Structure formats: structure tokens, C-alpha cells
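Each chain, letter by letter, is given below.
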Amino acid sequence: MDSRNLAQCNKRIEAALESSGRALKDITVVAVTKKVDLPDIYKAIDLGVKHVGESRIQEALLKFEPVNAYARNKGMTIAWHMIGHLQTNKVKDAVRMFDLIHSVDSLRLAEELDRQAERINKVQDILIEVKTSPEATKYGFLPDELQKVWMRLVEFKNLNIKGLMTIAPWSKNPQDSRFFFRLLKKLSDTVFGQKSSSPILSMGMSDDFDVAILEGATMLRLGRAIFGERKY
Ligand SMILES: *Cc1c(COP(=O)(O)O)cnc(C)c1O
């Protein structure tokens, strides 16, 4: 990992914020550490990274204790983000480890999360994943579908819906993501209404986070932009 990557990310973030008239405090960067080895994660923590995102439970289980121990020694606390598809048989581990689960993509998963969170007296913060484009991902609620199930989702006592998440389809041109980010923002305005606490919009990855900020992202999920190309 090259420490200049983080500086470069911050430059891009600041430029996008400036053109959108938004403030740095409105943006949270989640460093996506999937397929990243512990030494590079430690280096990121040394550089101030506090939010870590993993997409697989098996991998998160291997990193959770050592990364927390490393941060604790530095007087820091890591916030853990689950960003990948979650199978119901892994939910028990997920509610134990993660501060925010971005990838709640079905009612069945929400039910199981609610049940396992209740068992450990936790109110689990979640985001609802929206399939803004059919080809980008297999997972997530379609926008129409989400509006239909919304009242059921908000009823779970041990789940706290903090916002929405989406993945834009891969494209050579980052501008192509704009349509999907705009759709998520619009859907968020619809389902959350004009509530006082502003919902989280988790959108934007290494190639298109500038566009995401311009479209209202509050949380960016950055892997390669921070850690370089994944080795495998
Ligand atoms: C891998 C991944 C990211 C990070 O992707 P980069 O292109 O490396 O920034 C973000 N979100 C999800 C859901 C991912 O799986």
C-alpha cells in the first residue's frame, strides 16, 4: 500500500465537495479491505483509517480480532462495515462483528438479522441495498419493490435503517454511474421523507466516487483507490 493513495483520495474528495458546495464532515470513507493483507490494513490505520469494509464473513472473521487489537494499541476504535452479500447462516457472526451492514437485500435476511440482533440485545444499524441497475449485481431490492416492503422493514425492532446502498454497473466512463446514484438519492428522499436526521447514501467506489459525491453520497466504499489493485 502506498500512503500517497490516501492523500490522492482526499484531494479528489475535496475537489468534488468544492464543486458541490458540501462539507468534508458529511462524507465517511470506508476503506474496503477485502483481499488486503493485515500489514497493509495496519498501515492504513496508521494513516488514520477508522472505517473498514469487508465483503465476506470468512475473511472478516480472520481479520476482526487482530485489526481491533492493533487499533486498540493506538487508542483507536475501528468501525466495521459489511458490504457484501450476506447468507442467512452467517448472520450470527455478522451481528457480532459489524457496526453497519450495507447489504440488506431481502426481507428474509432482514428477519434473520432482527432475530440474531435481538438474541444479543443489539439494535443493528443497516443500510438497504438497492438494485438500481439489473446488470450491476444479483442482489438488492428493485426500487419499486423497496417501496412496497418499506413499512415492513421499518417495523423490525432490532434493526435501525440508516440509509441506502447501491453499486453502479461497471463502465469505462465514471459519468455513466451518475444515473444510478441519482436514482438512489431520489428513492432515499421518497422512503425517508423529510426526516430531520439525514440518511446515509452509501454509493461510489474507486472509479466513480467523485460523481457519487456530486450526486449526494455520504459514504464512499474505496478499495483499489486506497490499497492499489487487488492481488487476486
Ligand atoms: C470491492 C467492493 C468495493 C470497492 O471496490 P473498489 O473498486 O476497489 O473501490 C465497494 N463496494 C463493494 C460492495 C465491493 O464489493
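Residues numbered from 1 in each chain as written. Predicted model: local features only at pLDDT ≥ 70, side-chain atom pairs only at ≥ 80, totals over all residues. Heavy atoms only, no water.

(A) Quick peek at the environment of Glu129. Within the secondary structure, Glu129 is located in strand 5 (residues 124-129). Judged by its relative accessible area of 3%, Glu129 falls in the buried class. In this structure the C-alpha to C-alpha distance between Glu129 and Ile167, which are 38 residues apart in sequence, comes to 8.5 Å. Apart from the residues within four sequence positions on either side, Glu129 is in contact with His102, Ser103, Val104, Asp105, Thr137, Tyr139, Gly140, Phe141, Met165 and Ile167. (Helix = DSSP H or I, 4+ residues; strand = E, 2+ residues; numbered from the N terminus. Buried < 20%, exposed > 50% of the residue type's maximum accessible area, 1.4 Å probe, protein only. Contact = heavy atoms within 4.5 Å.)

(B) Quick peek at the side chain of Ser133. One can find Ser133 in the loop between strand 5 and helix 6 (143-153). Judged by its relative accessible area of 0%, Ser133 is buried. Excluding residues that lie within four positions of it along the chain, Ser133 makes contacts with Pro169 and Phe180.

(C) Main features of the nonpolar core. Ranked by size, the top nonpolar core spans 68 residues in total, and within it Leu113, Ile128, Leu146, Leu153 and Leu164 carry the most contacts. Broken down by element, the residue count for this core peaks at six residues, all from helix 7 (residues 178-192). When residues no more than four places from it in sequence are discounted, the contact partners of Leu113 are Leu86, Val91, Val95, Ile101, Val104, Ile126 and Leu159. (Core = buried A, V, L, I, M, F, W, Y, C linked by side-chain atoms within 4.5 Å.)

(D) Summary view of the pairing of strand 2 (residues 51-54). As judged from the two bridges shared by strand 1 (residues 28-32) and strand 2, these two strands associate in the parallel manner. Its bridge partner lying in strand 2, Ala31 is registered against Val52. Once you follow strand 1 into helix 2 (residues 38-46) and on to strand 2, the crossover reads as right-handed. The sheet contact formed by strand 2 and strand 3 (residues 79-82) spans four bridges and is parallel. Within the sheet, the bridge partner assigned to His51 lies in strand 3 and is Ala79. You can see the chain leave strand 2, run along helix 3 (residues 57-73) and come back into strand 3, and the turn it takes is right-handed. (Pairing = 2+ DSSP bridges. Right-handed = clockwise from strand over helix to strand, strands pointing away.)

(E) Inspection of the site of the ligand at higher detail. Neighbouring residues of the ligand: Val32, Lys34, Ile83, Ile167, Met205, Ser206, Arg221, Leu222, Gly223, Arg224 and Arg230. Here Ser206 contributes a side-chain N or O atom positioned 2.5 Å from an oxygen atom of the ligand. For the ligand, the accessible surface in isolation is 390 Å², of which the surrounding protein chains cover 92%. (Near = heavy atom within 4 Å. Polar contact = N/O pair within 3.5 Å; in protein donor to acceptor, adjacent residues only side chain to side chain. Areas by Shrake-Rupley, 256 points an atom, 1.4 Å probe, with all protein chains shown as cover.)

(F) Spotlight on the packing of aromatic side chains. Taken as a whole and assessed by the stated rule, the structure comprises four aromatic pairs. Ring geometry for Tyr42 and Tyr70: centres 4.2 Å apart, planes at 10 degrees, overall stacked. One end of the pair, Tyr42, is in helix 2; the other, Tyr70, is in helix 3, and 28 residues separate them in sequence. (Phe/Tyr/Trp six-rings, centres within 6.5 Å; stacked < 30°, edge-to-face > 60°.)

(G) Molecular detail of the packing of helix 6 against helix 7. Remark: helix 6 packs on helix 7, axes separated minimally by 11 Å, with the N-to-C direction vectors making an angle of 15 degrees. With respect to helix 7, the element helix 6 is oriented roughly parallel. Considering the relative orientation of helix 6 and helix 7, their crossing is right-handed. Counting all contacts with helix 6, which are made through Pro143, Leu146, Gln147 and Trp150, the residues of helix 7 involved are Leu183, Leu187, Thr190, Val191 and Phe192. Tallied by class, residues from the contact of helix 6 with helix 7 come to seven nonpolar, two polar and no charged. (Axes fitted to C-alpha atoms, helices over the stretch in contact; angles between N-to-C directions. Parallel < 35°, antiparallel > 145°, perpendicular 65-115°, else oblique. Left-handed = near helix turned anticlockwise from the far one by under 90°. Nonpolar A, V, L, I, M, F, W, Y, C, P; charged D, E, K, R; others polar.)

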